[in-house]
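Now for the letters of each chain:
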Amino acid sequence: MKPKQKPAITKKFILLYSLAFLGAWAALLAQTSAGLAIWTTHIDEANRNETLALILGIGAVFALIANPLFGYLSDRSRSRLGRRRPFILFGAWGGFALLCLMPLFDNVLWSIIIWSLVQLVYNAGLSALGAVIADQVPAKSRGVVSATISIGASVGIFVGVGLVSLFFANPLLMFGAPALLGLVLMTLFALTMKDEHIKGKKAKFNLAKIFIFNPFHQGDYTKSLLSRLFLFTAIFMVTNFQINFMQDALGWDEARAARMVSLTFAVATAFGIFGNAISGFFADRTHKYKIWVNIFGLLMAASIGLLVFNWEMPIFITVMAIIGTAQGVFLTVSYAISTFVLPTKADIGKWMGIVNISSMLPQSLAPAIAPLFLLIGESGNNYHALFIAAASFALLGTLLNQTIKKVR
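Report follows, based on the coordinates. Because the structure is a prediction, the values reported are computed rather than measured. (Residues numbered from 1 in each chain as written. Predicted model: local features only at pLDDT ≥ 70, side-chain atom pairs only at ≥ 80, totals over all residues. Heavy atoms only, no water.)

### Side note on the overall build of the protein chain
Reasoning step 1: When you go through the protein chain residue by residue, the secondary structure sums to 14 helices and 0 strands.
Reasoning step 2: Along the protein chain, helices (α) and strands (β) appear in the sequence α-α-α-α-α-α-α-α-α-α-α-α-α-α when read from the amino end.
Reasoning step 3: Radius of gyration (C-alpha) of the protein chain: 20 Å, near the 22 Å computed for a compact globule of 408 residues.
Reasoning step 4: Along the first, second and third principal axes, the C-alpha set of the protein chain runs to 65 × 45 × 40 Å.
Reasoning step 5: Taken over 408 residues, the protein chain has a buried fraction of 60%.
Reasoning step 6: Across the protein chain, the fraction of contacts at a sequence separation of at least 24, relative to all contacts at a separation of at least 6, is 84%.
Reasoning step 7: Accessible surface, the protein chain as shown: approximately 16,500 Å² in total, 69% of it carbon and sulfur.
Reasoning step 8: A gap of 22 Å separates the mean positions of the 32 positive and 16 negative side-chain charges of the protein chain. (Helix = DSSP H or I, 4+ residues; strand = E, 2+ residues; numbered from the N terminus. Rg over C-alpha atoms; globule rule 2.2 N^0.38 Å. Buried < 20%, exposed > 50% of the residue type's maximum accessible area, 1.4 Å probe, protein only. Contact = heavy atoms within 4.5 Å. Areas by Shrake-Rupley, 256 points an atom, 1.4 Å probe, with all protein chains shown as cover. Lys, Arg positive; Asp, Glu negative; His and termini not counted. Charge placed at Lys NZ, Arg CZ, Asp CG, Glu CD.)

See below:
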C-alpha cells in the first residue's frame, strides 16, 4: 500500500505560516540580537557582557528543554483544538505577557527568571510551528516553503530589531512592541490553520524518550543538527555582539550604535531574503541541497575572517551582507535537509523541536561563550579572538554538512 500523500498546500497557508514565523522571531530574536544588550547596560553597566552572557546562557537551558518537551507533548495531544494549535497560542500569549513584565523588574535576578520563562513559552510555540511543515507540506515543496518561512523569520528579526532601536529609551515598548507583533501573527495562523485532531486514548508519556536518543544510530540527523548549531553560532557570535563591538572597540555611544545596528540588520535582512529565495527555489528543482550550505558556509567563514584584520565600517557592512545571505541559505536549505533525515515519523514534533534548538540555541549560546574569547589578553575586549572563533565555527559546520549521506 502506498503511503498517504499530503494534500497540496495553498498560498494562503504559506503566507500565514511565514507571517507566524515573522512574528515569533520578531518577538524573541530581537531581544537576543539587540534588546537584552541594551537592557543589561541599563541594569548592570559595569558588567554588561558578563550579565548578558548569564541571562542568555541560563535562558538557553530552558530553550533546550522546551523544544523537545513541547514538541513531544504536541505529538501526543488529544486536545479538541488540535495537536499544534494549543502550543502555538500558549507561546504567543505567554511570551507577550512575560516580555511586558521584563521592564518592571530592573535587576539581574528577575531578568534571568523572566527571560528563562520567555524562552520556555516561546519555544513551546516554535516547536509546534516547526512541526507543521513536516505534518502538512509535501516533500517536493519543502524547499520553497522553508524559503518563505525563512524570509518571514529574517524579516521578523529586522522588524523586531527596528522596533527595539526605535524604542530603546522606553523599556516597556522595547520589549512589548515586538511581542505584540508576535502575539497577533502567531494567533492569526493558529486560528486559521487546519490542525489534526487525534482521537482515542491518551498516548503513553515516556520522559526518557523526550531527551535521549542515540546520535550514532541517527547519524545524518545528528550531523545536520551539529552543522546547524555551529553555523548559527558563528552568525550570532558576530551579530549579537554588534552593539558591544561598536561601543567597546569603536568607541561609539549607545544611540549611534543602535542606529548603525538598524542599518546592518537592514542590509543583512535584504541579502537574507535573497539567500532564502534563490536557495529554496533551486534546491527543490535540482534536488541538491548540501552544495548551498557548503558554498555559503565557506564564504561566510572567509568574510568573518576579514574582520580579524579590518574594522572599517564598509568592510563590516559587507560582511553583514554575506552573513545575511548565508543565514538565509541556512534557514532554508539546512531546515529542509533536517526534514529529510528525521529518525522516525511518529515523533515529528519532538524531532523538529530539536531541529529548532539547533538554530535557536546559538542565539543564546553565542553570547554565553563569547566572553571566553573576549577575555583573552589584558583588554577584556579581544574582538580579534571572537572573530577568529566565529570563522572557525563556520568552517566546522560546513564540514559536518558535507558528511550527511542521505541528502544530495
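Text resumes after the structure shown.
### Some remarks on empty space enclosed by the protein
Reasoning step 1: On inspection of all chains with the given rule, the structure shows 3 cavities of 30 Å³ or more.
Reasoning step 2: Approximately 140 Å³ is the volume found for the largest cavity.
Reasoning step 3: Along its surface, the largest cavity is lined by 15 residues, and Ile157, Phe265, Ala268, Thr269 and Gln327 are the ones closest to its centre.
Reasoning step 4: Going through the elements one at a time, helix H5 (142-166), helix H8 (219-239), helix H10 (254-286) and helix H12 (313-340) are the ones with two or more residues in the lining of the largest cavity.
Reasoning step 5: The biggest single contributor to the lining of the largest cavity is H12, with 5 residues.
Reasoning step 6: The residue inventory of the lining of the largest cavity, partitioned by class, reads 7 nonpolar, 8 polar and no charged.
Reasoning step 7: Quantified by volume, the second largest cavity comes out at close to 120 Å³.
Reasoning step 8: If you list the elements that add at least two residues to the lining of the second largest cavity, you get helix H1 (11-43), H5, H12 and helix H13 (348-374). (1 Å grid on protein atoms, 1.4 Å probe; cavity = no way out; pocket = protein on both sides within 12 Å on 5 of 7 lines; lining within 4 Å. Points joined across faces, edges and corners; volume = space filled by probe spheres on them. Nonpolar A, V, L, I, M, F, W, Y, C, P; charged D, E, K, R; others polar.)

### Some words on the nonpolar core
In globular proteins that are soluble, nonpolar side chains generally tend to be buried together.
Reasoning step 1: Core analysis: the biggest nonpolar cluster contains 125 residues, and Tyr17, Trp25, Leu129, Phe189, Met300 and Phe330 have the highest contact counts within it.
Reasoning step 2: If we skip the residues at most four places from it in the chain, Leu129 touches Tyr17, Ala20, Phe21, Ala24, Ile88, Met186 and Phe189. (Core = buried A, V, L, I, M, F, W, Y, C linked by side-chain atoms within 4.5 Å.)

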